[in-house]
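Now for the letters of each chain:
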Amino acid sequence: MSQLEKKAGLLRRTSSSKKPLKEKVVLMYDEIFAKEDPAKNNSRFWDELFLMKVNLEYLEAKLESLDGDEVMKIKDNINSLFHHCVQALAEEHQIKVVNALQTLCALFRGVHQKNKSASGFDIINMLVGFDKAELRMKDFMESLESLLCVCVCVLQDFMESLESLLLESLLCVCGVTDNISQNTILEYVMINSIFEAILQILSDVSTRGQHGYDAVVLLALLVNYRKYESVNPYIVKLSIVDDEPTLDGMGLVVGQALTEYNRQYKDKEEENHGGFFSTLTSMVGSMFIADADEKLSVQTNEAILLALYEAVHLNRNFITVLAQSHPEIDIPTTPITPVPTTPTTPLGTTPLSMDMMNSSELPLDPNLQTSNLLITFLKYSSIVMQDTKDEHRLNSARLCLIILTCITEDQYADAFLHDDNMNFRVNLHRMPMRHRKKAAEKNVPSRPLVCAVLDLMVEFIVTHMMKDFPMDLYMRCVQVIHKLICYQKKCRIRLHYTWRELWSALINLLKFLLSNETVLLAKHNIFHLALLVVNLFNMFITYGDTFLPTSNSYDELYYEIVRMHQIFDNLYCMVLRVSTNAGQWKEPASKVTHSLVNVRAIINHFNPKIESYAAVNHISQLSEDQVLEVVRSNYDTLTLKLQDGLDQFERYSEQPKEAAFFKELVRSISLNVRKNVSLNTLSQDLLLKEFSTIS
């Protein structure tokens, strides 16, 4: 049977001389698409329709085949179909509820697909009619919320597939337009909120395990509906949630999705570096290692990242969820239940086992390494930030850095990050590079979490100095470091960290900017980034004695500045040249010139002292200890200028700077949801069996 025949619901021929027969439901659809009222000659038409198994493909294809004028000719019949679907949702007859839900989704998708250029008001008119839109949509939303609550509260162990269909129906409604803010149907979802029903799913142990992912993605999409144009009730309500089980549930859902991504990535990494491949790459000097690892980042999970961002950004109470510790568990490879709304191929979209998802309290084993949502997120970030050439991975890396920005601006989060009594071993993924060995995981020390954040930032700085320079990511990365240092300075926290690695990374970044000045200036304002980097050094120079762990660390800072003085000298020459010429970069370059005053003072003060020491002692090349000795003995005669505002920063604000980014991100997620919502994957027999358990 051809694909066209399948869509039309054609039955197999009984003999060669007879035409194939259409399914009865298809014949009834054809009556709806005729101009006359289908119930005119059959008063039981609508009752019979919802007893028939839905043919989604035919119904959607039929709607898509009609142009705007043809749809308007049968508008009354489509309005009537919508009305009777909503009525059927309140029926006691279980089969009618299931068929009505699927029919509604076909209606939403079919009408939108054919009429993409139509206004939202025209779509509403086609579906329900202007005059009755508010009443019909109110009834529709109330029925959905009622059914969701029934699934959670009544015999919930037997309601899994029905609840999945309900959530997929709502995701279907959210994903019918590319731009979610142009989806006028969602205006009624705002008016008739299902927020509480979504929270019930997340707070309930049983429903969270099966449907938490869909619920979290649905919430993230609804929060982004016209968020800059009007008061979105989902934003308001999410920002004030303080119910611990609900917030924990949301954290568990996000954590399990990120953990699964990390596990799958690690499995692929081990698979690619094992056996003959590993031997071969070793023989040829690892020349293929970059290509091999590039294939590992198949697809990121932007939807779950968006949900995490909204929770962190909007709800201060969620910050505590990031810090809740639990044993680090190896996740089983084989999933218990597929997630219909996410692709089957990408990494990180398969749920954990129900037992892990449902555990609110896990038994602590002293031999187990502890973890938390923040650690899982840092590991995830270390993967997606490796390769930013692909647009999806670039967006994910940007969102990861935005989330880290929000976290580092929160006082509670900063306190937890720097808590010396809360140490963790965080095995970040590092980009394979020919000039360095892969670090052994077991050698990673147990430290405060801020060290892992700094490691992640240093890793990014070192590994992304390339032709297609990700300026935006570098800016955010340096700003995250700045915010952490501001907190350390404010609270006088002496963090035991390998600061020299950070200083070295920042100096090499300046060297890269200098070496690629012409190419980079054609696209970017490199002086803004250079100013941020130089001011980081100014923070260490001016306030380092209050937060660096030892006096030796302060000495080492001066040693690195003097050792790499040529880069700072070259930077000064470059910005002086640009700032003395008229042009668009005159002002930003002059700011860098002024910011270098103390760095240049250190270089000009200590270099003659070091040269004199070498000459007096007849030493051609001084050792590090000898240079440090010169530095320590000449602090007293060094004069530095006090620079204001070094510990000030502009707090993160989504609007207006990030609005365009989130609009495109939500568009991408919406397209992905639409592509992967599959209302046909659920067994109708199973749905009906579960529905029959409602008394």
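Each value, and the rule that gives it
- Residues numbered from 1 in each chain as written.
- Predicted model: local features only at pLDDT ≥ 70, side-chain atom pairs only at ≥ 80, totals over all residues.
- Heavy atoms only, no water.
- Helix = DSSP H or I, 4+ residues; strand = E, 2+ residues; numbered from the N terminus.
- Contact = heavy atoms within 4.5 Å.
- Areas by Shrake-Rupley, 256 points an atom, 1.4 Å probe, with all protein chains shown as cover.
- Polar contact = N/O pair within 3.5 Å; in protein donor to acceptor, adjacent residues only side chain to side chain.
- Core = buried A, V, L, I, M, F, W, Y, C linked by side-chain atoms within 4.5 Å.
- Buried < 20%, exposed > 50% of the residue type's maximum accessible area, 1.4 Å probe, protein only.
- Expected span 1.5 Å × (residues − 1).
- Salt bridge = Lys/Arg side-chain N within 4 Å of Asp/Glu carboxyl O.
- Phe/Tyr/Trp six-rings, centres within 6.5 Å; stacked < 30°, edge-to-face > 60°.
- pLDDT = per-residue confidence, 0-100.
- Axes fitted to C-alpha atoms, helices over the stretch in contact; angles between N-to-C directions.
- Parallel < 35°, antiparallel > 145°, perpendicular 65-115°, else oblique.
- Left-handed = near helix turned anticlockwise from the far one by under 90°.
- Nonpolar A, V, L, I, M, F, W, Y, C, P; charged D, E, K, R; others polar.
- Bend = angle between axes of the 7 residues up to and from the residue.

A. Molecular detail of the overall build of the protein. Broken down by element type, the protein carries 35 helices and four strands. Taking as baseline every contact in the protein between residues at least 6 positions apart, the subset at least 24 positions apart corresponds to 79%. Element-wise, carbon and sulfur atoms account for 51% of the exposed surface of the protein, whose accessible area totals about 31500 Å².

B. Spatial organisation of the side chain of Arg 476. Residue placement: Arg 476 occurs in helix α25 (residues 471–491). For Arg 476, the side chain forms a polar contact with the side chain of Asp 472, separated by 2.8 Å. Looking at Arg 476, its side chain comes within polar contact range of the side chain of Glu 658, at 3.0 Å.

C. A look at the nonpolar core. Core analysis: the largest hydrophobic core is formed by 225 residues, its most contacted members being Leu 222, Leu 308, Phe 318, Phe 527 and Leu 529. Examining the composition of this core, we find that 14 residues originate from one element, helix α28 (residues 526–547), more than from any other. When sequence neighbours within four positions are dropped, the list of residues in contact with Phe 527 reads Leu 521, Met 574, Val 575, Val 578, Trp 585, Pro 588, Ala 589 and Val 592.

D. Structural view of helix α21 (residues 373–384). Taking 1.5 Å per residue as the helical rise, α21 with its 12 residues ought to reach 16 Å, and the 16 Å between its terminal C-alpha atoms agrees with that figure. Taking burial as the measure, the 12 residues of α21 include 12 buried ones, the bulk of the element. The distance from a side-chain oxygen at the start of α21 to the backbone nitrogen of Leu 374 is 3.1 Å, and the residue carrying that oxygen is Asn 372.

E. View of the pattern of salt bridges. A full pass over the atoms with the stated rule returns 33 salt bridges. In this structure, the salt-bridge partner of Glu 658 is Arg 398, at a minimum N-O distance of 3.2 Å. Here Arg 398 lies in helix α22 (residues 391–408) and Glu 658 lies in the loop between α33 (624–632) and α34 (659–676), a separation of 260 residues in the sequence. The salt bridge partner of Arg 667 is Glu 664, with a shortest N-O separation of 3.7 Å.

F. Here's a closer look at the environment of Gln 621. Relative to the elements of secondary structure, Gln 621 occurs in the loop between α32 (597–616) and α33. Along the chain, Gln 621 and Glu 611 lie 10 residues apart, while their C-alpha atoms are 9.6 Å from each other.

G. Quick look at the environment of Glu 650. Along the chain, Glu 650 turns up in the loop between α33 and α34. For Glu 650, a relative accessible area of 59% gives the class exposed. It is 9.8 Å that separates the C-alpha atoms of Glu 650 and Lys 483, two residues lying 167 residues apart in sequence. When neighbours within four sequence positions are excluded, Glu 650 is seen to be in contact with Glu 409, Lys 483 and Lys 657. A distance of 3.2 Å separates polar atoms of two side chains, one belonging to Glu 650 and the other to Lys 657.

H. Examining the packing of aromatic side chains more closely. Per the counting criterion, the structure on display carries 25 aromatic pairs. Each ring, one from Trp 503 and one from Phe 540, has its centre 5.5 Å from the other, and the planes form 85°; the classification is edge-to-face. Here the residue Trp 503 occupies a position in helix α26 (residues 499–515), and Phe 540 occupies one in helix α28, the gap between them amounting to 37 residues. Accessibility assignment for this pair places Trp 503 and Phe 540 in one class, buried.

I. Structural detail: the confidence of the model for the protein. With 80% of its residues at a pLDDT of 70 or more, the protein shows a mean pLDDT of 83. Summarising per-element confidence for the protein, the mean pLDDT is lowest in helix α17 (residues 289–294) (40) and highest in α25 (97). Below a pLDDT of 50 lies the segment residues 11–15, which in the model reaches nine contacts outside its immediate sequence neighbourhood of four places, other chains included. pLDDT under 50 marks residues 275–295. Its contacts with residues more than four places away, or in other chains, come to 18 contacts.

J. Representation of unusual backbone geometry in the model. Across the junction of Gln 655 and Pro 656, the peptide omega takes the value 10°, indicating a cis bond. The topology assignment puts Pro 656 in the loop between α33 and α34. Despite not being glycine, Arg 226 has its phi angle at roughly 45°, a positive value. With respect to the helices and strands, the residue Arg 226 is situated in the loop between α13 (205–223) and α14 (233–239). The exposure class assigned to Arg 226 is partly exposed, which follows from its relative accessible area of 26%. At His 618, a residue that is not glycine, the phi angle is positive and equals roughly 55°. Within the secondary structure, His 618 sits in the loop between α32 and α33.

K. View of the environment of Ser 371. Its place among the elements puts Ser 371 in strand β2 (residues 370–371). A sequence separation of 55 residues divides Ser 371 from Val 426, and the C-alpha atoms of the two residues are 8.4 Å apart.

L. Expanded view of the side chain of Asn 79. Of note, Asn 79 is situated in helix α6 (residues 75–89). A polar side-chain atom of Asn 79 sits 3.3 Å from the main-chain carbonyl oxygen of Asn 125. Looking at Asn 79, its side chain comes within polar contact range of the main-chain oxygen of Met 126, at 2.8 Å.

M. Focus on the packing of α25 against α28. Running from N to C, α25 and α28 cross one another at 15°; their axes reach a closest spacing of 10 Å. It follows that α25 is roughly parallel to α28 by the angle criterion. As for the relative orientation of α25 and α28, their crossing is left-handed in sense. Across the interface between the two elements, Met 471, Tyr 474, Met 475, Val 478, Gln 479, Ile 481, His 482, Ile 485, Cys 486, Gln 488 and Lys 489 of α25 pack against Ile 526, His 528, Leu 529, Leu 532, Val 533, Leu 536, Met 539, Phe 540, Tyr 543, Thr 546 and Phe 547 of α28. Grouping the amino acids of the contact of α25 with α28 by side-chain chemistry returns 16 nonpolar, five polar and one charged.

N. Geometry of α28. Its axis deflected by about 50° at Ile 541, α28 carries its strongest bend there. α28 sits mainly inside the fold: 17 of its 22 residues count as buried. Between a side-chain oxygen at the N-terminus of α28 and the backbone nitrogen of Phe 527 the separation is 3.1 Å; the capping residue is Asn 525.

O. View of the packing of helix α12 (residues 195–203) against α13. Following both chains from N to C, one finds α12 and α13 inclined at 140°, their axes separated by 7 Å at the closest point. Comparing the axis directions of α12 and α13 gives the class oblique. Of the two elements, α12 crosses α13, and the hand of that crossing is left-handed. Residue-level inspection shows Phe 195, Ile 198, Gln 200, Ile 201, Leu 202 and Ser 203 of α12 in contact with α13, the latter providing Val 205, Thr 207, Arg 208, His 211, Gly 212, Ala 215, Val 216, Leu 218, Leu 219 and Leu 222. A per-class count over the contact of α12 with α13 returns 10 nonpolar, five polar and one charged.

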